[in-house]
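So the chains spell out like this:
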Amino acid sequence: MSSDTLAKAPDIPRDTDLPRIVPQRRYGQWAAAVVVLALLGLAVNSVLRNDAFHWDVVARYFTSASVLRGLWLTLWLTAVVMMLGFALGTLLAAFRLSANPVLRAVSWGYVWLFRSIPILVQLLLWFNIGALYPQVLGVRTVDLLGPVTVAVVGLTLHEAAYAAEVVRGGILSVDRGQIEAAQALGLSRWRRWRRIVLPQAMRSIVPPAGNMLIGTLKGTSIVSVIAVSDLLFSVQLIYHRTYQVIPLLMVATLWYTVVTSVLTIGQYYVEKHYARGSETSR
């Protein structure tokens, strides 16, 4: 390139000539964050330094035998109700998606009925079912349905109504074209469900199912009204004897928090597993 061409060429701007991009200063957000942290610190300090909580009593009963037995029953009840509830809910979802109008009506009526009645009312009705049916198949109802059985039956029927809608929504989220393509390839109905429908439906089923699991864990505390020795009932028995209500309620609160945190972590990894290949996976 000649010297004349270089003289006519425009000046190339240097980095120092470019305008600087100054990030926007968000003083309001920082001020709000400081205020929130200050209030949070005051709240935590008031809880930890408040002698009325009796943290020494909390530590003494946190791993006591009666509390751990109640915790075990709570976990067992949660697992059984979730398994039975989703098994029945899946069947109801299949009925709702069936071409048979009778099955669709039965499924819709079940979901409508059990979502309409509060769970406490359902438990009390099942607990007093002997007043309506003193005997079933020649066996006295009071001997057939103990408090734990009543809790399992009542919670399962309640859970199934919500599980049915969760499963139905997950199945409906699968693109119909993929099912038709699988039919065109000659895949059997079972293989279509196992290979095509279920893996994709789980992306929509797992998040609400995880929330239902945590809700069921906390909801089992309601069985204490029918004298089932779950976690809450166990601490109630203790504070009725010692009159230390707040410390024992804190024992139950801490255990519920610990278990819920573990379930939340598990839910995160299950969701991540089923979200593989989707745009929203992290």
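What follows covers the packing of helix H4 (residues 65–96) against helix H11 (residues 231–242). Describing two packed helices takes the angle between their axes plus the distance from one axis to the other. The geometry of H4 relative to H11 is characterised by a closest axis approach of 7 Å and an angle of 160° between their N-to-C directions. It follows that H4 is roughly antiparallel to H11 by the angle criterion. As for how H4 packs across H11, the hand of that crossing is right-handed. Contact residues: Ser66, Val67, Gly70, Leu71 and Thr74 in H4; Leu231, Ser234, Val235 and Ile238 in H11.

This brings us to the environment of Ala227. Here Ala227 lies in the loop between helix H10 (189–219) and H11. Relative accessible area serves as the criterion here: at 44%, Ala227 is assigned to the partly exposed category. A C-alpha to C-alpha distance of 9.9 Å links Ala227 and Ala151, two positions 76 residues apart in sequence. Filtering out sequence-adjacent residues up to four positions away, Ala227 remains in contact with Pro147 and Phe233.

In terms of nonpolar packing, the biggest core is built from 19 residues, with Val67, Leu231, Val235, Leu248 and Val251 touching the most fellow members. Broken down by secondary-structure element, the contributors of at least two residues to this core are helix H3 (55–61), H4, H11 and helix H12 (245–274). Ranked by the residues each element gives to this core, the list is headed by H12, at seven residues. Once residues within four sequence positions are removed from consideration, Val67 is found in contact with Tyr61, Phe62, Leu231, Ser234, Val235, Ile238, Val251 and Trp255. Counting 15 residues, the second largest nonpolar core, distinct from the first, contains Ala93, Ala163, Val166 and Val206.

We now examine a nonpolar patch on the surface. A grouping of Leu132, Tyr133, Val136, Leu137, Val139 and Leu144 is seen on the molecular surface, where their side chains present a nonpolar patch of about 640 Å² in accessible area. Within the fold, Val136 resides in strand E1 (residues 135–136). For Val136, a relative accessible area of 34% puts it in the partly exposed group.

Before going further, it helps to spend a moment on the packing of helix H6 (residues 119–127) against helix H8 (residues 147–172). Their axes nearest at 9 Å, the elements H6 and H8 cross at an angle of 140°. Accordingly, the angle class assigned to the pair H6 and H8 is oblique. The crossing of H6 and H8 is right-handed. Across the interface between the two elements, Ile119, Gln122, Leu123, Trp126 and Phe127 of H6 pack against Pro147, Val150, Ala151, Val153, Gly154, Leu155, Leu157 and His158 of H8.

With 16 residues, helix H5 (residues 101–116) extends 22 Å between its outermost C-alpha atoms, agreeing within 8% with the 22 Å of an ideal straight helix rising 1.5 Å per residue. Turning to H5, the residues buried within the fold contact H4, H6 and H8. For H5, the N-terminal capping position is held by Asn100, with its side-chain oxygen 2.8 Å away from the main-chain nitrogen of Val102.

What follows deals with the side chain of Thr260. Along the chain, the position of Thr260 falls in helix H12. Accessibility expressed as a relative area gives 18% for Thr260, which makes it buried. Residue contacts for Thr260: discarding those within four places in its chain leaves Ile214 and Leu217.

Parameters at a glance
- Residues numbered from 1 in each chain as written.
- Predicted model: local features only at pLDDT ≥ 70, side-chain atom pairs only at ≥ 80, totals over all residues.
- Heavy atoms only, no water.
- Axes fitted to C-alpha atoms, helices over the stretch in contact; angles between N-to-C directions.
- Helix = DSSP H or I, 4+ residues; strand = E, 2+ residues; numbered from the N terminus.
- Parallel < 35°, antiparallel > 145°, perpendicular 65-115°, else oblique.
- Left-handed = near helix turned anticlockwise from the far one by under 90°.
- Contact = heavy atoms within 4.5 Å.
- Buried < 20%, exposed > 50% of the residue type's maximum accessible area, 1.4 Å probe, protein only.
- Core = buried A, V, L, I, M, F, W, Y, C linked by side-chain atoms within 4.5 Å.
- Patch = residues over 30% accessible without salt bridge, like charges linked within 9 Å, V, L, I, M, F, W, Y side chains within 5 Å.
- Areas by Shrake-Rupley, 256 points an atom, 1.4 Å probe, with all protein chains shown as cover.
- Salt bridge = Lys/Arg side-chain N within 4 Å of Asp/Glu carboxyl O.
- Expected span 1.5 Å × (residues − 1).
- Polar contact = N/O pair within 3.5 Å; in protein donor to acceptor, adjacent residues only side chain to side chain.

Without other data, these values stay purely geometric and don't point to any function.
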